[in-house]
Every structure is written in C-alpha cells, then in structure tokens.
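One letter stands for each residue in the lines below.
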Amino acid sequence: MNKFLKYALYLVGGLVVIFAAALTYIALTFDPNTYKPQIIQAVKDSKQRTLKLDGDIKLFFFPNIGASLGKVSLSEFKSEKEFAAIGEARVSLAFMPLLSTQVVVNEVILKGVKANVIKHKDGTTNLDDLLTQSAEPATPKEPSAPIKFDVAAVHIDDAEFGYSDEASGAKYNVKELSLHTGRIANGMPSKIDFAVRILANQPKVDITAQLKTTLTFDLEKNVYQAQGLDVQVKGAALGITDLLVKLGVDVQANVGEQVYATKKLMFSASGLKGSDKFDAKLDVPALSIVKNDITVEGIALNAQLDAAFGNVVAALSLPSVKGDMEKFKLNDLTLNVDVKQPEQAFKVKLSSPVTANLKTQQYGLTDLLIAVNATGDKLPGKSVSSELKGNVQADLKAQNVQVNLAGGLLQSQIKAKFGVTNFAAPAIRYDLEVDQFDADLYIPKSDGTKKEKSTEPEQPFDLSALKPLNIDGSLRVGALKAANVKVNQLRVDVKAKDGVVKVAPFSANLYGGSILSDISVDANKAQPAFAVNAKLSAIEIGPLLKDALDMDFVNGKGSVGINVTTQGNMVSLLKKALNGSLSVNLADGAVKGINLAKSVREVGKSNTQGANATEKTDFSELKATFKITNGVAHNEDLSMKSPFVRVGGKGDINVGNDSLDYLVKATVAGTAEGQGGKDSVGGLTVPVRISGAFTDLKFKLDFGSMVSDEAKQKVAAAADAAKQQANAAADAAKLKAAAEADAAKAKAAAEMEAAKLKAQQEIDAQKAAAKAKAEAELKKGLGGLFK
C-alpha cells in the first residue's frame, strides 16, 4: 500500500514537472503577436469593426497564468471612428488553484478604458450589432460545481464612459473613474476605494464622488457587510453650487436569514441655491429589520436655510420605534420650524401619531396638530397664536394622498381639503375656505429706497412647469388684504390641464362694488398666451388705484370693462402685444392735477405745466372706450361733463412704452350756471394736450389755439347767418316764381278751356246746321214723292 502511494506521488510529481516544462517551452517559443493580423481580420469579418492592437500581447503561464495588452481600440460599426479603447490591461491567475476549481486572481489592472455609447434619433444605438446574439441554439451544458474565486487586488485608473442621446441632445459622461481594492474573497475583509467624476448637460451636473469602505461577503451564506462606508460628493448639480454631500454608515445584510441592519447612519448635505445657503443633517443611530420586525433607535433631522426672505431652522424627531413590517405606530412625531425675518418671527410645531403599514404601503398622521406663533410689531398685540387640527392619509400603492384640516392659522379660521392621485402625473384637487386674512402683516415692508432701473437685460420667464399640471380647486376668503388691496367675498376657482390654466370665476366685492372676471394662460405655445375678461361694477376707482398702484389722478364711482389678450415670455413683450378693448364709465368724480376752468380764467397765454396735486377738475360723468392694438390703447369718444366744463378728446395710451399722448378739448361755460344753464351766454373751447411718461405727465394749455378756435366759431356763426339769409331769399324767390308759374298755368288752362269750349260750340253749330239742312232736303224729297 505504501509502495503504491509512493509510486503514485512520483507519477503526479513527474506529470507536474512535465506540464510545467511544457508551459515554460510554450511561453518561451510562442509569440501571440504573430496572430494580430488574423485577429484583426476576424473581428473585421464578423463585426465589421476595426480592431487596432497597437501594443504588444504578452502571455505568461508560470507560476501564474495571465496576459497583458498594450493599447487596444475598437471602431464604430462600418467606420474608423473610435468606439472603445484600453490603454493597458493585465490579468493573472494563480495556476495551482485552478486544478481544484478555484479562481485566484493575482491582479487585475486596467488603465485608460474608454467607451462612448450613442443613441440615435431612430432609437438604435451603436451597441446594437455587438449585442446581437447568434442564431445557433446554445449547446446545453452539464451543471458544474460552483467555482470559488479569490482576487488579490483590482486596479482601475483613468476610465471614461460617455452616453449621448441625439434626439434630446442629452449628454452624460463618467470621467476619471478609478477603483482600487485589497483582496476580494469569501469571508475576507477588503478595502474598497472608488472615485469618479460625473458630468451632464440635461440637467447640468458636474460632481466628483468618492467611496471608501471595508467590504466583507460570503456568497455561499449570502451575507454581506460594509464597514465604515464613507461617501462624499462635491460639485454642482440641479442649479446648486458648492454642493457637499456626505454619508457614513455601517451596513449588514443576511439575505438568507432576512436580517438587515445599519448603525451610525449619518447623512449631510449643504450648498448654495443662487444666494440661498442650505445645510441638512440626518442621524439614525441604529436601524434593524429582522424578517417582519423593525426597530429604530430614534431619527433626528436638522436643516437650516439662509435666504433673502429670512433664516429658517427646522428639526424633525422620531422616538424609538418597534413594530413589524406590516403595521407599526409612532406615538409622537414632532417637527419644529423657526423662521426669522427682520420685522417678525414664526414658530411652527407639527406633531402627530404616525401609523404605517409597509406591506400595503399605507401611512397616516391620525391626529395632526399644527401650532403657529407669530411675533412682530405689526401684528395685533405684537403676537398671534393659533392651532390647526386635522389628519393626513396616504396610500402609496393606490397613489392617493388626502389631507383634511380645520381650525386656526395665524389670525384666520380655515377649512381645507387637499388630495393628490396618480403620482406619475399628479391630479391635484383642493377646497380651501378662509374667514379673513391680512397678508400684509406677514410681508416684509420695502425699505422705501427707490431702486435704480436695472441695466441688466430683461430675462424671460419660464411657464413650462404649468404643462404637466392637473389641478381643480376652489379658494374662498371672506375678507382679504394683500398688497394693500382690500376685498371681500373673494372666490378663485382654478382648473389646469394639458398646459392650459383657467381661473374662472375670479370674483370679489371691493371698494363699494364688485369684480367678476375670468383669466386663462396657455403655456403650450412658444410664446405663452394670456387672456383677461373682467367687469368691475360700481367701483370707487380712486381708493382702488391709490391702494393698488399708489396712483392718485382720478376718482369717481362707476364701471370698468376689460377684455384683452397678449402673449410673450417677458413683461415688456406682454405689454407690447396687448390687444382688445377697455371701457370706462364713471360718475361724480374728479380728474386730479389740473383745474381747467381756473386755468382758463387765470392764464392768457400758451402754457405747459406739470400735474398739481392741489388742483382738480370735477365731473358728473366720465365715459370712454379704447381699442387696444399691439400695446397702444386708442380712444376717440372721451366724454366728461361737469357744471363748468364739457370735455371731449382722443388720443393714445402707449402701454408698451408707459407713455401718453392725448388731446383733450374742454369747453368752459360762459357763466357760473354752467354750460347749457339758463343764464349761460356761450362757452370757450380750450385744447389741452396731456403727454409724457406715466411718471411725469405734462399738461399743455394752447390758448393761441383757443383764440383761433373762438374766431373760427364767430366766422362759422356769421357764415351760418349769411347762409340762413341766402336760404331765406332763395326760398322767397322760389315761392314767388312758383306763384307766378301757378298763375300762368291757371291762365293757360283757362284759355285752353275757352278755346276748347269755342271749338266745341262751333262743332255743335256745324252739326246743327248740317242736321237742319239734311232734314230740309229730306222733307223736300218726301214732298215730291207724295205729289
């Protein structure tokens, strides 16, 4: 037996020596570089791509089996343009472990790996020909024992990958990719060091990321562990600059036993969004899931935002949680938010029990309480406190969220219902009722300094966010004050779908009257389109203009009608593209800045003057209609009546250029009784030109034109008198001629009648003579017959 074993060992040893000698001979005599042309041609024939093997191919067989390559590149399909390349590659395997179906990789080295994937406009990619499978059926293989592998180290440096979408223009690039590991083997801790730079243009991204951890795994037991996982991301993304994201955690997973755990999870993110600085931190000391049981040792989330409107500090805390995956409850979720502004401060506390069912994906805040405390010098009593109660129900599987709230919010009492369905394309429904709200109490006041006109070019606004909106909601406010405008019984109904937003009705009672309007916005067009149709009835126009625009040039009560459309993606374009109509009908008011009657009495020459806040021209009626074309409102029918003045006029209001060019003709009454009064002896028409920018209107009284007009009126009156006299003489002549013609006509008719009578008499006499003669001859003839 011992001899048999001894001879067997000799045999194995001899075979090993012979095999090693054979491998050594092959390594010394075989040159794979002589096969480069065949390899290149084979790739050309099978894939119609050009393979370039610029570097040497080296094989080695002992003590390790491996190969190394110099620079290798592969072209695009039927093109010489480079598709992928490798600067250097080296792989080696330990020889002896292969005999026992173990793969022990001594090293994997890759440098300068590059690839560029392109998706064409027709949906195909430059990878499609490489991914096409052979039509020959695969030969079934006998099942083999699992191969164990052991990698001593992996080194990848300067790898680069790109992806381009020709249809959308999107480009994504992975650059400076590196991966360095220690030994990778079952049950062996391995240090992992990974770094990469990522760039994109849709959206714009330029970040670098680094990951470090110690990885341990057992593929047979399906157990994985990442100890000291540390991830850092720096750069700019999604409009955020100075971005810094950190993640630290220990992770364990036993997939077979369904045990998952994290410890010391810490996440932080900071950066700048424009000029707004934010910082957020999440801390979860421990979390474990054992089959259906879940345990959390508290969650703390803290965030801070420094923005132009103020400073915001938020803190979210969750107590320790124990439950199962199907159902658990948190007794006290608390969120505290502090907002500080120059003139006021807010403290908001949100608390509620939380119910959750991870299996059905149903969650709820069953007893929500929102407490708000506001402090500030403008507030009633310098402090306002309120409590709002309600509940939130979310069914993520059904894609449905419902919110119900009622109670106090600051100085208001509200009732609110809010719902969202279909998260992929959210359909939003809401109904909000508020008894009263003074928004100006919580809007920081302007510093009062006049801002210089910006020299920066006007930037277009983007309404693309309206395109996916699906909204149907109603807002009702009993009394509202915002931007110093006061309204009652406000109702705003909004419907948005397929890029079109309609606000109808937009109605309210305000300044002694009411407004009823509808507004629409179409964001689908290259230049967004807007339409406004509004009717203001019985409005005190003076207080409205004063409160809304701080303008005090006219007052009176009446109606205003607006029906306009416009389009554009900048305010200046909207003003210049205005088209439609405007009508004004006011009574018992005044135009401020000039007293027409006084100016006529006191000034005897042409004069240009600015608006005088102490002067005004009263009117009992003011009417006008405007046709608006490309930002210019043209009027032809201004009519203003007062005891001393009647005003007509025409001209243009250039909304696009914020200017006015209007000629007013004011007729001043001749007596204090007013134009048309019983003692009025006539009036004088005064032309007044109002022109200039809205912020610097000029009034010009043209008295030379006034005198000319008076002379023209006198000449016109004399002409009228002469015309009337001529007309009277002409009428008398016409009457005389007509009388004479009638007399001649009567005489001619009488003479004609006499001639007719005479002729008839002669005819009758001739007839009588002829008859008598005939009778005599007849008697004579008869007398001779009887003799």
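Below is a short write-up of the structure. Just so it is clear, the model here is predicted, and its values are computed rather than measured.

Attention shifts here to the packing of aromatic side chains. Applying the stated criterion across every chain, the model contains two aromatic pairs. With centroids separated by 6.5 Å and ring planes inclined at 80°, the aromatic side chains of Phe461 and Phe530 adopt a geometry described as edge-to-face. Pair noted here: Phe461 is in the loop between β29 (427-438) and β30 (471-482) and Phe530 is in strand β34 (residues 529-540), with a separation of 69 residues, a long-range link. On the accessibility criterion, Phe461 (28% relative accessible area) is partly exposed. Positioned above the aromatic ring of Phe83 is the side chain of Arg49, whose terminal nitrogen or guanidinium carbon lies 4.9 Å from the ring centre.

The next thing to look at is the pairing of strand β13 (residues 190-201). Where strand β11 (residues 171-181) and β13 come together, eight bridges link them in antiparallel fashion. Bridge assignment links Leu179 to a residue of β13, and that residue is Phe194. Relative to strand β14 (residues 204-218), β13 is paired through 12 bridges, and the arrangement is antiparallel. Pairing of Arg197 across the sheet is with Thr208, part of β14. Where β13 folds back on β14, the antiparallel hairpin that results is connected by two residues.

Our focus in this paragraph is the environment of Ile65. Along the chain, Ile65 turns up in strand β3 (residues 64-69). Ile65 sits in the partly exposed class, given a relative accessible area of 26%. Once the C-alpha coordinates of Ile65 and Asn106 are considered, the two residues, 41 residues apart in sequence, prove to be 9.5 Å apart.

Here the focus is the environment of Ala280. Within the element layout of this structure, Ala280 appears in strand β18 (residues 276-290). Sequence spacing of Ala280 and Ala315 is 35 residues, and the spatial spacing of their C-alpha atoms is 9.7 Å.

So, how was this worked out
Residues numbered from 1 in each chain as written. Predicted model: local features only at pLDDT ≥ 70, side-chain atom pairs only at ≥ 80, totals over all residues. Heavy atoms only, no water. Phe/Tyr/Trp six-rings, centres within 6.5 Å; stacked < 30°, edge-to-face > 60°. Helix = DSSP H or I, 4+ residues; strand = E, 2+ residues; numbered from the N terminus. Buried < 20%, exposed > 50% of the residue type's maximum accessible area, 1.4 Å probe, protein only. Lys NZ or Arg CZ within 6 Å of the ring centre and 35° of its normal. Pairing = 2+ DSSP bridges.

Read these as spatial facts, not as claims about activity.
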